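# Commentary on secondary and tertiary structure
The chain contents come next:
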Amino acid sequence: MEEESDTRKINNSFLRDHNYATEADIISTVEFNSSGELLATGDKGGRVVVFQREQESKSQPQRRGEYNVYSTFQSHEPEFDYLKSLEIEEKINKIKWLPQQNAAYFLLSTNDKTVKLWKISERDKRPEGYNLKDEDGRIRDPSTITTLRVPVLQPMDLMVEATARRVFSNAHTYHINSISVNSDLQTFISTDDLRINLWNLEITDRSFNIVDIKPANMEELTEVITSAEFHPQECNTFAYSSSKGSIRLCDMRQAALCDKHCKYFEEPEDPSTRSFFSEIISSISDVKFSHSGRYLMTRDYLTVKVWDLQMENKPLETYQVHDYLRGKLCSLYENDCIFDKFECVWNGSDSVIMTGSYNNFFRMFDRNTKRDVTLEASRENSKPRAILKPRKVCVGGKRRKDEISVDSLDFSKKILHTTWHPHENIIAVAATNNLYIFQDKVN
Amino acid sequence: MEVSAEAKRIMVVALGKLYSSRTQRGGLRLHRSLLLTLVMKSARDIYHAAQATAQSAAPTCEPQHPAVNVITTSPAAAQGLQSPASHPAEESRTAGSSTELRCTPHAYIRAENKENVCPSGPAQHSRKRRGKAAAEPDFLPCKKAKLEQVNCHQQLIVSSVLSDYVKCSSELRTAPTPIPVQTAIAAC
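Residues numbered from 1 in each chain as written. Chains lettered and ligands numbered in written order. Predicted model: local features only at pLDDT ≥ 70, side-chain atom pairs only at ≥ 80, totals over all residues. Heavy atoms only, no water.

Once that is clear, we can look at the overall build of chain A. Check the secondary structure of chain A and you find three helices and 31 strands. Its C-alpha atoms give chain A a radius of gyration of 24 Å, near enough to 22 Å, the size a compact globule of 443 residues would have. Along the first, second and third principal axes, the C-alpha set of chain A runs to 90 × 60 × 45 Å. Put simply, chain A has 443 residues, and 49% of those count as buried. A separation threshold of at least 6 residues defines the contact pool for chain A, and within that pool the share at least 24 residues apart is 51%. Split by element, the accessible area of chain A, about 22400 Å² in all, is 49% carbon and sulfur. Counting 59 positive and 68 negative side-chain charges, chain A places the averaged centre of each group 5 Å from the other. (Helix = DSSP H or I, 4+ residues; strand = E, 2+ residues; numbered from the N terminus. Rg over C-alpha atoms; globule rule 2.2 N^0.38 Å. Buried < 20%, exposed > 50% of the residue type's maximum accessible area, 1.4 Å probe, protein only. Contact = heavy atoms within 4.5 Å. Areas by Shrake-Rupley, 256 points an atom, 1.4 Å probe, with all protein chains shown as cover. Lys, Arg positive; Asp, Glu negative; His and termini not counted. Charge placed at Lys NZ, Arg CZ, Asp CG, Glu CD.)

All names here are of chain A. When the pLDDT values of chain A are averaged, the result is 91; 93% of them are 70 or greater. Low confidence marks residues 1-11, where pLDDT is under 50. Its contacts with residues over four positions away, or in another chain, come to three contacts. Scored below 50 in pLDDT, residues 15-21 makes eight contacts in the model with residues more than four places away or belonging to other chains. (pLDDT = per-residue confidence, 0-100.)

One recurring pattern in soluble globular proteins is that nonpolar side chains are buried together. Membership of the largest hydrophobic core comes to 35 residues, with the highest contact counts inside it found for Phe277, Ile280, Tyr301, Leu325, Leu332, Tyr333 and Ile338 of chain A. Looking at this core, the elements with two or more residues in it are α2 (278-282) and α3 (329-334) of chain A together with α1 (2-21) and α2 (30-57) of chain B. A per-element tally of this core places α1 of chain B first, with seven residues. Setting aside anything within four residues of it in sequence, one finds Ile338 of chain A in contact with Phe277, Ile280, Ile281, Tyr301, Leu329, Leu332 and Tyr333 of chain A. (Core = buried A, V, L, I, M, F, W, Y, C linked by side-chain atoms within 4.5 Å.)

With that settled, the discussion passes to the packing of aromatic side chains. When we look at a pair of aromatic rings, we describe it by the centre distance and by the angle of the planes. For the coordinates displayed, the defined rule picks out 18 aromatic pairs over all chains. Geometrically, the ring pair formed by Phe32 of chain A and Tyr67 of chain A is edge-to-face, given 5.8 Å between the ring centres and 65° between the ring planes. Remark: Tyr67 of chain A occurs in strand β4 (residues 67-74) and Phe32 of chain A occurs in strand β1 (residues 27-32); sequence separation between them is 35 residues. Classification of Tyr67 of chain A by relative accessible area gives buried; the value is 11%. Three or more aromatic residues joined by ring pairs make a cluster, and in this case those are Tyr301, Phe342, Tyr358 and Phe411 of chain A. One Lys or Arg, Lys133 of chain A, reaches over the ring of Tyr130 of chain A and ends 4.4 Å from the middle of that ring. The ring of Phe339 of chain A has Arg32 of chain B lying over it, and the distance from NZ or CZ to the ring centre is 4.8 Å. (Phe/Tyr/Trp six-rings, centres within 6.5 Å; stacked < 30°, edge-to-face > 60°. Lys NZ or Arg CZ within 6 Å of the ring centre and 35° of its normal.)

Now for the interface of chain B and chain A. Counting residues at the interface gives 37 residues for chain B and 31 residues for chain A. Carbon and sulfur atoms supply 58% of the area buried between chain B and chain A, which totals about 3100 Å² over both sides. When the area that chain B buries against chain A is broken down by residue, the three leading residues are Arg25, Leu30 and His31 of chain B, summing to 22%. On the surface where chain B and chain A come into contact, there are seven salt bridges. Across the pair Glu89 of chain A and Arg29 of chain B runs a salt bridge whose closest N-O atoms are separated by 2.9 Å. Our count for the chain B to chain A interface comes out at 15 residue pairs in polar contact (both at pLDDT 80 or more). Secondary-structure elements contributing two or more residues to the side of chain B that touches chain A are α1, α2, α7 (152-172) and α8 (184-187) of chain B. (Buried area = accessible area lost by both parts, 1.4 Å probe. Salt bridge = Lys/Arg side-chain N within 4 Å of Asp/Glu carboxyl O. Polar contact = N/O pair within 3.5 Å; in protein donor to acceptor, adjacent residues only side chain to side chain.)

Our focus in this paragraph is the side chain of Ser405 of chain A. Residue and element names in this part refer to chain A. Within the secondary structure, Ser405 sits in strand β28 (residues 403-405). There is a polar contact of 2.7 Å between the side chain of Ser405 and the side chain of Ser408. Beyond its immediate chain neighbours, meaning those up to four positions away, Ser405 contacts Cys394 and Arg399.

Before going further, it helps to spend a moment on the sheet that holds strand β18 (residues 263-265) of chain A. All names here are of chain A. Ordered by their spatial adjacency, four strands build an open sheet running β15-β16-β17-β18, and the pairing between neighbours is antiparallel. Taken across any chain shown, the strands that pair with only one partner, and hence form the sheet edges, are β15 (225-230) and β18. Shown here is a sheet whose adjacent strand axes are inclined to one another by a mean of 20°, direction ignored. Relative to β18, strand β17 (residues 247-251) runs antiparallel, the two sharing three bridges. By the bridge assignment, Leu249 is partnered in β18 with Lys263. (Pairing = 2+ DSSP bridges. Axes fitted to C-alpha atoms, helices over the stretch in contact; angles between N-to-C directions.)

The next subject is the pattern of salt bridges. Residues and elements named next belong to chain A. Counted by the stated rule, this structure contains 37 salt bridges over all chains. Close ionic contact of Glu343 with Lys94 constitutes a salt bridge, the shortest N to O distance being 3.8 Å. Here Lys94 lies in strand β7 (residues 94-97) and Glu343 lies in the loop between α3 and β23 (344-346), a separation of 249 residues in the sequence. Both residues of the pair, Glu343 and Lys94, belong to the buried class.

Here you go:
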């Protein structure tokens, strides 16, 4: 078995270095922790990189809390399911932080099949002066020991260790698309295409299935679950989105199996916009509760919608992310872009929402002023401390200077994953294998 | 006609994607397969609606090979291949056909024999990998029509996609009974 894993490692690094040079580096998820001090990224190669914000120092006020690498570890490895002859990708689909309860940091990371709880802790002291071992750890010859002494903790260079504390596996037949930690800080849910499982963070050999939409006859399958999230305050409430564009809110107090929803959010389809691809573009790729818990945000292919939990028949607000793509759906279907799953995110005060687009563009919508802006994450435009210039896509015939036409958009450069600092205006944007961190202008 | 050409193109592309998703790392993605199936279904419905109007517009059209039999019957999760409801639909499809379909009988027979005797490379490889006997399932639709006759190899790929989907789905289930082809996509 050891040989096999060695071969796999060799194969992976071979692939990494040769054919798929940077495919393993493609960032697949980004997440700030609840204080905003740490930022985690997961990539296709199964690695997690954690950044930590520098302490602001008076001597260097311009380095206003920059993020530096704090810890890097291999979270998941590629696996092989021998029973089904299927390879299980090591790509990290989601990372969720647990709120900090002691000196160590905890996060959940998941690939398609397995969720892992990682503990990230610092070590800055080590015991020295053992009685029975020498400094290299070798056992001393007892006849040479003439004195008694107790080890003393001596300072050492800071070391950040990541250890896997729990592995939650073998609970999902289909591919896990999301995880969400409950506000009770004791449980979490993992969601695949057809089922949602509830786990206790302490118990790895058992999980409860709370939603199961698998039909008895798979022929009748018409929709799958695309994302699920716990309510930020109410530990009994969670929501899940479907590929048909609907969201269901469920209450775990109602029944052990939450197949009956409490609320069902769906907007009737506009028949005038019906096309071959209506089903694909109405599939919700991400669902996020607002920090206040009063609203829900959903992202489908062309729009972001904000829903009021009290109003089920239509969204409160709809924002067009890139409506100019509506006429290009056929080519986006052929080049597979129509299946891209964009995420969406709230700012700390729920007044601004952000989501990604193509050409390394990302969009922000201010819910109060109704203003929106398109920004670009690219090396040319992002020298340190440079102010991002708003971008504009030209849809009509006449292209103004600085505008970019729809046909010139680079669809291989897509921003699927973004995250917003919980309190400040700091955002992290993943553009393929690059991570961009933007902050508010310093006055 | 443009609508039906676009519908046909969409169906072909969907099939290509379903086929290539078999060899993707990480296994078949249920969500993606479902969306492709839905797109194929709506494209097929629109195609047949366009065919029906074309047929009513030109009743003297010489009946040729029926349209898209192989493709349409497979991933439509909601419609059963064996269900009698589909037969009348098939008949109407048979009557009016697109002038673009011009698969010569010889090419068709050759293709069919090829499929039965010597399956295409990747398909056979994946059958072997799954450890199943390479017996031709008897519930596959009879290959009366081809979507495009430009490249006969494409048709081989289509048929082997369907049979592989069946094998994939039967692997996940314990029951060894043959599964209707149209369930194959959904069951994976």
